[in-house]
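# Coordinates in review
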Amino acid sequence: MTTESKLNSPEMEEFYNDLAGMNMDALWHHNFPSQTAAEKSAPYQPCRWLWKDIEPMIWRAGDLVQPGPESHRRVIQLKNPGLAPMPGATHTLVLALQLVYPGEVAPSHRHTPTAIRFMLKGKTVTMVDGEPITMNPGDLVLTPNWTWHGHTNETNEPAIWIDNLDVPIVGALKAGIHEDFPEGLDPSTKMPDESFRRFGSGHLRPIKSKKAELISPLHSYPWEQTHQALHELASVEADAFDDVALEYTNPTTGGHVLPTLACQIQMIRPGVHTKAHKHSSSAVFHVYKGSGHVIVDGVKIAWKEGDFFSLPPWCNHEFVNDSNSEELVLYSSTDQPVFEALGLWHELAYEKNGGHQEVVATYEERYG
Ligand SMILES: [Fe+2]
Ligand SMILES: [Fe+2]
């Protein structure tokens, strides 16, 4: 052994080459610069999709394909160009819109990626493991992983809803499995909206249901209940970063609805401008009501009702309701449960300028 450094010696180069030839490597050969949470920055861009651009494409898809054996689902995916060629809106979340016309059936299948639906227009029924669940605008419906699920529209109006899935997470784990039901919808074996009849009150549960379940046994969260809860909360409490914000919960634990996805609804009250923070989780947002903007790492991204937005991890963000009279309601899905389960969730408040970022560009100026 010697105290003289050989790091840059010819012998060391030869050593590295010999290691590489045997599929080995030396850890000291690589730099591991220290990086604090404050120094972490967004690994890819945020992305916004306008409803005025999305809606015509949904109707065009309606003219071109039908759900069924040929095209599976009539779904338009919203892809973040910062992740190309990956299909996600963030590195963990798929964001898409699905259209089912009156009389159509999107046949049942099941897969290991988990999905949630947030209903936008019309009315439909989603079958979840034999439970017919009615979906009206503003309702959240869960299709947990490996549950049979299909959709049918028995009304006279087209039905459009948001699909969020954890496909990139399941893909990274090489755990993707998909199976089609032999034909049409899986049969109804339960009462319509049975899980809501059991657990839908939110604060009362059947006395025999004492077990904490990893996946919420409640599969539907109707809008009327959600909207009322938002307004009740607004009368007593608001969060510095999200204003009046609620998470949809698993009634057996009070925690996230699903192991990989959490779902939230938030109201930015008229005139409110939240403080900025950043975190290790990413999220996708839909402007369900109202208009306003979000400032992401100094870029102002304006929103109108119906628009969508994806938030990468580690970017500072703050919300603004531009109206002094109308509420701004945002639905969001986030990968936060995965980060919490792995002990990787970090959150950091923006400390400068009283918690508000300086706007340096608009979305159009920065991203075209
Ligand atoms: Fe599916
Ligand atoms: Fe946040």
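This structure is a prediction, so every number in the text was calculated from the model and none was measured. (Residues numbered from 1 in each chain as written. Chains lettered and ligands numbered in written order. Predicted model: local features only at pLDDT ≥ 70, side-chain atom pairs only at ≥ 80, totals over all residues. Heavy atoms only, no water.)

## What to know about the nonpolar core
A general feature of soluble globular proteins is that nonpolar side chains tend to end up buried together. Note the cut-off: We define a nonpolar core as any set of buried Ala, Val, Leu, Ile, Met, Phe, Trp, Tyr and Cys residues linked to one another through side-chain atoms lying within 4.5 Å. A simple rule labels every residue: compare its accessible area, found with a 1.4 Å probe on the protein chains alone, to the largest value its type can have, and call it buried under 20%, exposed over 50%, or partly exposed in between. Only DSSP runs of H or I with at least four residues qualify as helices, and only runs of E with at least two residues qualify as strands; both kinds are numbered from the N terminus onward. Every residue pair with non-hydrogen atoms within 4.5 Å of one another is taken to be in contact.
Core analysis: the biggest nonpolar cluster contains 54 residues, and Leu97, Phe118, Leu120, Leu140, Tyr248, Trp303 and Phe308 have the highest contact counts within it. With five residues, the top contributor of residues to this core is strand β16 (residues 283–289). Tyr248 has contacts with Phe118, Leu140, Tyr221, Thr226, Gly255, Val257, Cys263, Gln264, Ile265 and Tyr331, leaving out every residue within four places of it along the chain. Counting residues in each nonpolar core, the second largest holds eight residues, with Val100, Met119, Val141 and Ala159 among its members.

## Quick notes on the pairing of strand β19 (residues 308–311)
So the rule is basically this: Two strands form a pair only when DSSP identifies at least two bridges running between them.
Of the two faces of β19, both are covered, the one formed by Phe308 and Ser310 as well as the one formed by Phe309 and Leu311. Alignment of strand β1 (residues 47–49) against β19, held across three bridges, turns out to be antiparallel. Of the residues in β19, the one forming a bridge with Trp49 is Phe308.

## Overview of the coordination of the iron ion (ligand 1)
For clarity, the cut-off: The donor definition counts N, O and S atoms within 2.8 Å of each metal and applies 3.2 Å to Na, K and Ca; water is not among these atoms, so some sites may look incomplete.
Each protein donor to the iron ion (ligand 1) is listed here as His109 (NE2), His111 (NE2) and His149 (NE2); together their distances run 2.1 to 2.2 Å. When the donor residues of the iron ion (ligand 1) are listed from N- to C-terminus, their spacing reads H-x1-H-x37-H. Taken together, the residues His109 in strand β4 (residues 105–111) and His149 in strand β9 (residues 149–152) connect sequence positions 40 residues apart. Judged on exposure class, the residue His109 and its partner His149 are both buried.

## Some details on helix α2 (residues 51–64)
Definition in use: Between the first and last residue of a helix there are one fewer steps than residues, each counted as 1.5 Å, and that sum is the expected span. Starting at the helix axis, one direction is taken to each C-beta atom, and the arc is that of these directions.
Taking 1.5 Å per residue, 14 residues should reach 20 Å; α2 reaches 20 Å between its end C-alpha atoms and fits that length. Trp51, Ile54, Ile58, Ala61 and Gly62 are the residues of α2 that are buried. For α2, the angular spread of the buried residues around the axis is 105°, confining them to a single face. The exposed residues of α2 that point more than 90 degrees off its buried face are Lys52, Arg60, Asp63 and Leu64. Buried residues along α2 sit against β1, β2 (75–77), β3 (94–100), β5 (115–121), β10 (159–165) and β19.

## A closer look at the sheet that holds strand β8 (residues 140–143)
To keep it simple, the criterion reads: Only C-alpha atoms enter the line fits that serve as axes; for helices the fit covers just the stretch in contact. Angles between N-to-C directions range over 0 to 180 degrees.
Spatial strand order, β2-β3-β10-β5-β8-β12: six strands in an open sheet with antiparallel pairing. Each end of this open sheet is capped by a strand with a single partner; those strands are β2 and β12 (220–221). With seven bridges connecting them, β3 and β10 associate as antiparallel partners. Across the sheet, the residue bridging to Leu97 is Ile162, located in β10. In the packing of α2 onto the sheet, the strands contacted are β2, β3, β5 and β10, and the crossing angle to β3 comes to about 50°.

## Remarks on unusual backbone geometry
The amide bond that connects Ala84 to the next residue, Pro85, takes the cis arrangement and shows omega of 5°. Look at Asp243: it is not a glycine, yet its phi comes out positive at around 55°.

## What about the environment of Ser281?
Our working rule: We define a polar contact as two N or O atoms separated by no more than 3.5 Å, with the added condition that, inside protein, one atom must be a possible hydrogen donor and the other a possible acceptor, whereas residues neighbouring each other in sequence contribute only through side-chain atom pairs.
Inspection of the secondary structure puts Ser281 in the loop between β15 (277–279) and β16. Along the backbone, Ser281 and Thr334 are 53 residues apart, and their C-alpha atoms lie at a distance of 6.9 Å. Once you skip the residues sitting within four places of it in the chain, Ser281 turns out to touch Pro312, Pro313, Thr334, Asp335, Gln336, Phe339 and Trp345. A polar atom in the side chain of Ser281 sits 2.9 Å from the side chain of Trp345.

## Regarding the environment of Trp146
Along the chain, Trp146 turns up in the loop between β8 and β9. Take Trp146: its relative accessible area is 29%, and that puts it in the partly exposed class. C-alpha of Trp146 to C-alpha of Glu179: the two residues are 33 residues apart in sequence and 8.9 Å apart in space. Beyond its immediate chain neighbours, meaning those up to four positions away, Trp146 contacts Arg110, His111, Thr112, Ile177, His178 and Glu179.

Functional significance is not addressed by these values, which are geometric in nature.
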